[in-house]
Amino acid sequence: MSKVRFGIIGTGSIAQRFFAGLAHVPNATVAAVYSRGGAKARQFAAVHHIPTVCDEIDDLLASDIDAVYIATPHPSHATFSIAALQAGKAVLCEKPAATSLDELDAVIATAQTTGRLYMEAMKPPFFPLYRLIRERIDAGAIGEVRFVRAGFANPNVAEGHAVLDPAQAGGGLLDIGIYSAFLAVDWLGAAGEIQTLGRIGASGVDTFASLNIQHERGISQLYSGLDIAGSGEALLGGSAGYIVIHDKWWNPAKATLVNALGEREELMMTPQGSGLNYETAHFCDLLRQGRLESPIMSHAKTRAALAMTLSARDTLLGIAQ
Ligand SMILES: NC(=O)c1ccc[n+]([C@@H]2O[C@H](COP(=O)([O-])OP(=O)(O)OC[C@H]3O[C@@H](n4cnc5c(N)ncnc54)[C@H](OP(=O)(O)O)[C@@H]3O)[C@@H](O)[C@H]2O)c1
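Residues numbered from 1 in each chain as written. Predicted model: local features only at pLDDT ≥ 70, side-chain atom pairs only at ≥ 80, totals over all residues. Heavy atoms only, no water.

1. A look at the domain arrangement of the protein
So, point 1. Each assigned domain of the protein is listed with its residue range as follows: domain 1 (4-123 + 276-292) and domain 2 (125-272 + 304-317).
So, point 2. Taking the mean C-alpha position of each, domain 1 and domain 2 sit 25 Å from one another.
So, point 3. Facing 19 residues of domain 1, the contacting portion of domain 2 comprises 21 residues.
So, point 4. When domain 1 packs against domain 2, the two sides together hide about 1,800 Å² of surface, and 67% of this comes from carbon and sulfur.
So, point 5. On the domain 1 side of the interface with domain 2, the three residues burying the most area are Met 122, Lys 123 and Tyr 278, jointly 42% of the side's total.
So, point 6. The tally of links from domain 1 across to domain 2 stands at one salt bridge.
So, point 7. Here Lys 95 makes a salt bridge to Asp 175, at a shortest N to O gap of 3.7 Å.
So, point 8. In this structure, the connection of domain 1 to domain 2 is made through six residue pairs in polar contact (both at pLDDT 80 or more).
So, point 9. Those elements that place two or more of their residues in the side of domain 1 that touches domain 2 are helix H5 (101-114), strand E6 (118-121) and helix H8 (276-288).
So, point 10. The dominant element in the side of domain 1 that touches domain 2, judged by the number of residues it contributes, is H8, at four residues. (Domains from an automatic or database assignment. Contact = heavy atoms within 4.5 Å. Buried area = accessible area lost by both parts, 1.4 Å probe. Salt bridge = Lys/Arg side-chain N within 4 Å of Asp/Glu carboxyl O. Polar contact = N/O pair within 3.5 Å; in protein donor to acceptor, adjacent residues only side chain to side chain. Helix = DSSP H or I, 4+ residues; strand = E, 2+ residues; numbered from the N terminus.)

What follows is the structure, given as structure tokens:
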């Protein structure tokens, strides 16, 4: 396979950004698009010159595509992932990969039994700056990372948005807290004890969470908020220095590294495209190589980040574990 042919499921705001990013991905195209009822897919296809429009998901999955990009709300992610894998398509699915661990385990099991590539579209680790940070830390620039402090908070949520709707698996933790959960898991491993404080908003979803977490290799302090603004910085504290990834750390472009001698180094790598192009290019490379899982965004990392996020959310909601 030279050119990877994507089918897009959903035509909302992130689907637009995915399409914009694709212009920066070598040898990849959108061959088909699906939306409920088809009207929005027809509009999306007309604007972006996509040859095939599907009114039904089964038509998309039967079309001449190699992979799907799932860009619909959280509760539909697992269902579409399983359907696409069973139809023999590779899957790049927006975060969060699922809304429960049972759902995620079913997705991963389906990927394994069908022998198809599955990856959560967790964008930060694919940005050039994040990769540079990984290289520098692997080379010992700040010693061993033992502490992660990060958050994401944005109070400008429109009334009626899915993120405020419990029926849509809304709440800050699952929507934006999942980024920080990924960051902590990526550097410190899976979570053990999780101390959770926070608030439930009027609609019944978590609107603020502050977490202290014991991981396999250190401790993280994370927050997510839909009712406050946050600074968007992340700190990676090491045994011989630290790195601050500046606002917005989840679209990393600028960082400061301070070594054990107190020497400062500015790291800057301006992303191209919409930023989603880096994860997409990686996914296409894996597909061409016949790989079933990303070594960067592995199934285990997806599971560990989701597990700690759901655990904190359920604590806040008072659901018995
Ligand atoms: N990686 C990132 O940077 C990033 C950023 C933002 C969002 N996201 C993720 O992307 C997902 C979508 O977010 P968004 O902001 O793009 O939302 P959005 O703008 O509301 O778009 C959602 C799309 O899904 C469609 N849809 C809704 N329910 C559906 C269903 N049951 N079956 C089929 N299609 C359905 C909607 O179609 P209708 O018009 O017919 O309702 C719409 O086209 C979320 O899970 C979110 O976490 C990721």
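Past the structure itself, the notes keep going.
2. Side note on helix H1 (residues 13-22)
Each turn of an α-helix holds 3.6 residues, which means side chains three or four residues apart point in the same direction.
So, point 1. If you check which residues of H1 are buried, you get Ala 15, Phe 18, Gly 21 and Leu 22. Along the long axis of H1, the arc covered by the buried residues comes to 120°, so they all point the same way.
So, point 2. Lining the buried residues of H1 we find strand E1 (4-9), strand E2 (28-34), helix H2 (39-48), strand E4 (67-70), strand E5 (90-94) and H8. (Buried < 20%, exposed > 50% of the residue type's maximum accessible area, 1.4 Å probe, protein only. Arc of directions from axis to C-beta.)

3. Quick notes on the sheet that holds strand E9 (residues 206-215)
So, point 1. Sheet architecture is open: eight strands sit in the order E8-E9-E10-E7-E11-E12-E13-E14, paired in mixed fashion. Two strands close off the open sheet at either side, each with one partner strand: strand E8 (191-200) and strand E14 (264-268). The mean angle between the axes of side-by-side strands here comes to 10°, regardless of whether they run parallel or antiparallel.
So, point 2. By the bridge criterion, eight bridges tie E8 to E9 in an arrangement that is antiparallel. Counted as the bridge partner of Gln 195 is Asn 212 from E9.
So, point 3. Against the sheet, helix H6 (residues 128-138) engages strand E7 (145-153), strand E11 (234-238), strand E12 (241-245), strand E13 (254-259) and E14, with an angle of about 145° to E14.
So, point 4. Against the sheet, helix H7 (residues 172-188) engages E7, E9, strand E10 (219-225) and E11, with an angle of about 165° to E7. (Pairing = 2+ DSSP bridges. Axes fitted to C-alpha atoms, helices over the stretch in contact; angles between N-to-C directions.)

4. Considering the site of the ligand
So, point 1. Near the ligand there are 19 residues, and of these Thr 11, Arg 36, Lys 40, Lys 95 and Lys 123 occur at the shortest range.
So, point 2. Tyr 179 is positioned such that a nitrogen or oxygen atom in its side chain is 3.1 Å from an oxygen atom of the ligand.
So, point 3. Look at the ligand: alone it shows 910 Å² of surface, and the protein chains cover 75% of it.
So, point 4. Among the detected pockets, the ligand sits in the largest pocket.
So, point 5. Counting residues per element, the ones that place at least two in the shell around the ligand are H1, helix H4 (77-86) and H7.
So, point 6. Per-element accounting of the shell around the ligand gives the leading share, three residues, to H1. (Near = heavy atom within 4 Å. Areas by Shrake-Rupley, 256 points an atom, 1.4 Å probe, with all protein chains shown as cover. 1 Å grid on protein atoms, 1.4 Å probe; cavity = no way out; pocket = protein on both sides within 12 Å on 5 of 7 lines; lining within 4 Å. Sits in = over half its atoms within 2 Å of the grid points.)

5. Details of the environment of Phe 182
So, point 1. Within the secondary structure, Phe 182 sits in helix H7.
So, point 2. Residues Phe 182 and Met 308, spaced 126 residues apart in sequence, show a C-alpha to C-alpha distance of 9.6 Å.
So, point 3. Discounting residues that sit within four places of it in the chain, Phe 182 has contacts with Met 122, Pro 125, Tyr 130, Met 297, Lys 301 and Ala 305.

6. Some words on the side chain of Asp 175
So, point 1. Along the chain, Asp 175 turns up in helix H7.
So, point 2. Relative accessible area serves as the criterion here: at 19%, Asp 175 is assigned to the buried category.

7. Notes on the packing of aromatic side chains
So, point 1. Tallying each qualifying case throughout the model produces 11 aromatic pairs.
So, point 2. Through pairs of rings, three or more aromatic residues link up here, namely Phe 6, Phe 18, Tyr 69 and Phe 283.
So, point 3. Sitting over the ring of Trp 187, Arg 134 keeps its end group 3.9 Å from the ring centre. (Phe/Tyr/Trp six-rings, centres within 6.5 Å; stacked < 30°, edge-to-face > 60°. Lys NZ or Arg CZ within 6 Å of the ring centre and 35° of its normal.)

8. Focus: empty space enclosed by the protein
Think of a ball as big as a water molecule: rolled over the atoms, this probe shows where empty space is left.
So, point 1. The final tally for this structure, using the stated rule, is one cavity of 30 Å³ or more.
So, point 2. In this structure, the largest cavity spans a volume of roughly 60 Å³.
So, point 3. Taken together, Leu 173, Gly 177, Ser 180, Ala 181, Ala 209, Leu 211, Leu 222, Tyr 223, Ser 224, Met 308 and Thr 309 make up the lining of the largest cavity.
So, point 4. For the lining of the largest cavity, the elements supplying multiple residues, two or more each, are H7, E9, E10 and helix H9 (299-317).
So, point 5. No other element matches H7, which puts four residues into the lining of the largest cavity.
So, point 6. When its residues are assigned to classes, the lining of the largest cavity shows seven nonpolar, four polar and no charged. (Points joined across faces, edges and corners; volume = space filled by probe spheres on them. Nonpolar A, V, L, I, M, F, W, Y, C, P; charged D, E, K, R; others polar.)

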